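Read off the chains here:
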Amino acid sequence: MKPRETLEEFYILHGKEHDQDAHCNVYRREDFECSKNLKPVYRRDFYKVSMMCEGTGILSYADKFIKIDKPSIVFLNPLIPYSWEPTSSVQTGYFCLFTEEFVSSELKNESLSQSVLFKAGGDHVFFPDEASIQLLKNVYENMLNEAQSNYDNKYSLLRNYIQIIMHEAMKIQPPQTYAQHSNASERISMLFLELLDHQFPVSLDNVMLLKNANEFATQLNIHTNHLNKALKETTGKTTSEWIAGRVMKEAKSLLQFSNWSVNEIAYCLGFEHTSNFIISFKKKTGDSPNQFRKRILSKS
C-alpha cells in the first residue's frame with residue numbers, strides 16, 4: 001500500500017511555514033503552486049475544501065474525472081486518493097486544510113454527517129452560481145482573517161465558516177459532467193484498498209466501522225456487484241476475501257503483539273459476538289485465538 005501524505009509533508013513539499021499546533025489553515029491558491037500537476041501517489045491524511053475562482057484543470061478520483069473550467073467548490077477527504085491536472089497557468093481562489101482532530105461533532109451533526117465531506121463516494125465538485133460565488137469568496141476572506149488572528153475561539157469560528165461552505169454546496173445540483181476513466185476497475189480497486197487500509201490499525205477508540213462488501217460499496221457510492229467485479233478483474237480476489245484477509249492479519253498481529261483480551265480484539269474488529277470471531281479465526285487458521293497466541297508466544 002502506498003504511504004499517505006501528512007499535513008506536515010504537504011507544507012514541506014510546498015515550502016510553507018505553519019503553526020504545528022494548528023489543525024486548520026486557510027490559504028489563497030495563488031500562493032501555492034496550484035498550476036503544477038498533483039500526482040495521485042499518496043492518499044492525504046487531511047481534509048481539503050477548495051474554491052477555484054479562475055483557472056481550468058482536470059480532477060481525477062475513484063473511477064471518475066471531471067473537467068473544471070469555471071468557479072467551483074471541491075471537497076476532498078482522507079479516504080480519497082486524487083490527482084489534479086491543471087490546464088491553465090492562472091489558478092486563483094482559496095482552500096482550507098484541516099485534520100481529523102479539527103473535525104468536531106458540530107461538523108458531523110445530523111444534517112452534515114452524510115455530506116460530501118465525510119464520504120469517499122458521491123459528488124465532490126460543485127459549481128456555484130454568481131450569488132453563491134460572492135458569498136463563498138466573502139466566507140473565505142473572513143476565514144483568512146480569522147486564521148491569522150489572535151482570537152481565542154478562532155477555530156470554533158472557522159468550523160462555523162466551513163459549515164456555511166458545506167451548506168452552500170448542499171444547495172447546488174451536483175454536476176452531470178463526469179466521465180469514466182478507461183481504467184475504471186483499477187481506480188475503483190485502488191480506492192477500495194485505500195478505504196480498507198484506512199480502517200487500521202484499530203483500537204478501543206477506533207473500531208472497524210466498515211465490515212462487509214455492502215458497507216464498503218455504499219461508502220464508495222457504487223453497487224456491490226460493481227465493486228466485486230472490479231476487484232476480481234484487477235486483483236483476482238472478491239471484496240469479502242480482501243476484507244477477511246485484512247481482518248485476519250490484524251487479528252494475528254494483535255494476538256501476538258498486544259495484551260488485549262480476545263473479547264477486546266473481537267470488538268475492535270467489528271464482530272458483534274466474540275464467538276463469531278473465534279469461529280472465523282479457527283476456520284482461517286486451524287487454531288482458536290488463544291491457541292494461536294500461546295503457540296506464537298512460545299516461539300518468541
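Please read these numbers as outputs of a predicted model, since none were measured by experiment.

## With respect to the overall build of the protein chain
Alright, step 1. Across its full length, the protein chain carries 10 helices and 11 strands.
Alright, step 2. A burial count over the protein chain gives 49% of its 300 residues as buried.
Alright, step 3. Intrachain contacts of the protein chain at a sequence separation of at least 6 include 74% that bridge at least 24 residues.
Alright, step 4. Working note: accessible area of the protein chain is about 15400 Å², and carbon and sulfur atoms make up 48% of it.

## Examining unusual backbone geometry
Alright, step 1. In this structure, the amide linkage connecting Phe200 to the following residue, Pro201, adopts the cis form with an omega of 0°.
Alright, step 2. Structurally, the position occupied by Pro201 is in the loop between helix 4 (184-197) and helix 5 (213-220).

## With respect to the pattern of salt bridges
Alright, step 1. Counted by the stated rule, this structure contains five salt bridges.
Alright, step 2. Across the pair Glu215 and Lys211 runs a salt bridge, and its minimum N-O distance is 4.0 Å.
Alright, step 3. Arg295 is paired through a salt bridge with Asp287; the nearest N and O atoms lie 2.8 Å apart.
Alright, step 4. Owing to a relative accessible area of 34%, Arg295 belongs among the partly exposed residues under this scheme.
Alright, step 5. The class of Asp287 is buried, set by a relative accessible area of 16%.

## Quick notes on the sheet that holds strand 2 (residues 24-28)
Alright, step 1. With respect to topology, five strands assemble into an open sheet ordered 2-9-4-7-10, the strand pairing being antiparallel. This sheet does not close on itself; its edge strands, each paired only once, are strand 2 and strand 10 (125-126).

## Concerning the pairing of strand 2
Alright, step 1. For strand 2, the buried fraction is high: four of the five residues fall into the buried class.
Alright, step 2. Judged from the five bridges that link them, strand 2 and strand 9 (residues 92-98) form a sheet pairing that is antiparallel. Of the residues in strand 9, the one forming a bridge with Val26 is Cys96.

## Overview of helix 5
Alright, step 1. Listing the buried residues of helix 5 in full gives Ala213, Phe216, Ala217, Gln219 and Leu220. Buried residues of helix 5, seen end-on, are gathered within an arc of 160° and therefore sit on one face of the element.
Alright, step 2. Buried residues along helix 5 sit in contact with helix 4, helix 6 (224-235) and helix 7 (239-257).

## Overview of the nonpolar core
Proteins that are soluble and globular tend to have nonpolar side chains buried together.
Alright, step 1. Counting 33 residues, the largest nonpolar core has Phe192, Val202, Phe216, Leu227, Leu269 and Phe277 as its most contacted members.
Alright, step 2. Apart from residues lying up to four places away in sequence, Val202 is in contact with Met208, Glu250, Leu254, Trp260, Cys268 and Leu269.
Alright, step 3. Within the second largest apolar cluster, 29 residues are counted, among which are Tyr94, Val103, Ile133 and Ile165.

## Here we look at the environment of Ala217
Alright, step 1. Mapped onto the fold, Ala217 is located in helix 5.
Alright, step 2. For Ala217, a relative accessible area of 1% translates into the label buried.
Alright, step 3. Sequence separation of Ala217 and Phe192 is 25 residues, and the distance between their C-alpha atoms is 8.4 Å.
Alright, step 4. Contacts of Ala217, omitting those with residues within four sequence positions, involve Ile222, His223, Thr224 and Leu227.

## A look at the packing of aromatic side chains
Each aromatic ring pair is summarised here by two numbers: the centre-to-centre distance and the angle between the ring planes.
Alright, step 1. All chains considered together, the criterion is met by nine aromatic pairs.
Alright, step 2. With a centroid separation of 5.2 Å and an interplanar angle of 5°, the aromatic rings of Tyr47 and Phe98 are classed as stacked. Of this pair, Tyr47 sits in strand 4 (residues 47-54) while Phe98 sits in strand 9, placing them 51 residues apart in sequence.
Alright, step 3. Classification of Phe98 as buried rests on a relative accessible area of 0%.

## Quick look at helix 6
Alright, step 1. Its 12 residues place the ends of helix 6 16 Å apart at the C-alpha level, agreeing with the 16 Å of an ideal helix rising 1.5 Å per residue.
Alright, step 2. Summarising the contacts, the buried residues of helix 6 are in contact with helix 4, helix 5 and helix 7.

## A short note on the packing of helix 7 against helix 10 (residues 289-298)
A packed helix pair is summarised by two numbers, namely the angle formed by the two axes and the spacing between the axes.
Alright, step 1. Remark: helix 7 packs on helix 10, axes separated minimally by 9 Å, with the N-to-C direction vectors making an angle of 55°. Compared by their axis directions, helix 7 and helix 10 come out oblique. For helix 7 against helix 10, the interelement crossing comes out right-handed. Contact residues: helix 7 offers Lys252, Leu254, Leu255 and Gln256, while helix 10 offers Pro289, Phe292, Arg293, Ile296 and Leu297.

Rules of the game
- Residues numbered from 1 in each chain as written.
- Predicted model: local features only at pLDDT ≥ 70, side-chain atom pairs only at ≥ 80, totals over all residues.
- Heavy atoms only, no water.
- Helix = DSSP H or I, 4+ residues; strand = E, 2+ residues; numbered from the N terminus.
- Buried < 20%, exposed > 50% of the residue type's maximum accessible area, 1.4 Å probe, protein only.
- Contact = heavy atoms within 4.5 Å.
- Areas by Shrake-Rupley, 256 points an atom, 1.4 Å probe, with all protein chains shown as cover.
- Salt bridge = Lys/Arg side-chain N within 4 Å of Asp/Glu carboxyl O.
- Pairing = 2+ DSSP bridges.
- Arc of directions from axis to C-beta.
- Core = buried A, V, L, I, M, F, W, Y, C linked by side-chain atoms within 4.5 Å.
- Phe/Tyr/Trp six-rings, centres within 6.5 Å; stacked < 30°, edge-to-face > 60°.
- Expected span 1.5 Å × (residues − 1).
- Axes fitted to C-alpha atoms, helices over the stretch in contact; angles between N-to-C directions.
- Parallel < 35°, antiparallel > 145°, perpendicular 65-115°, else oblique.
- Left-handed = near helix turned anticlockwise from the far one by under 90°.

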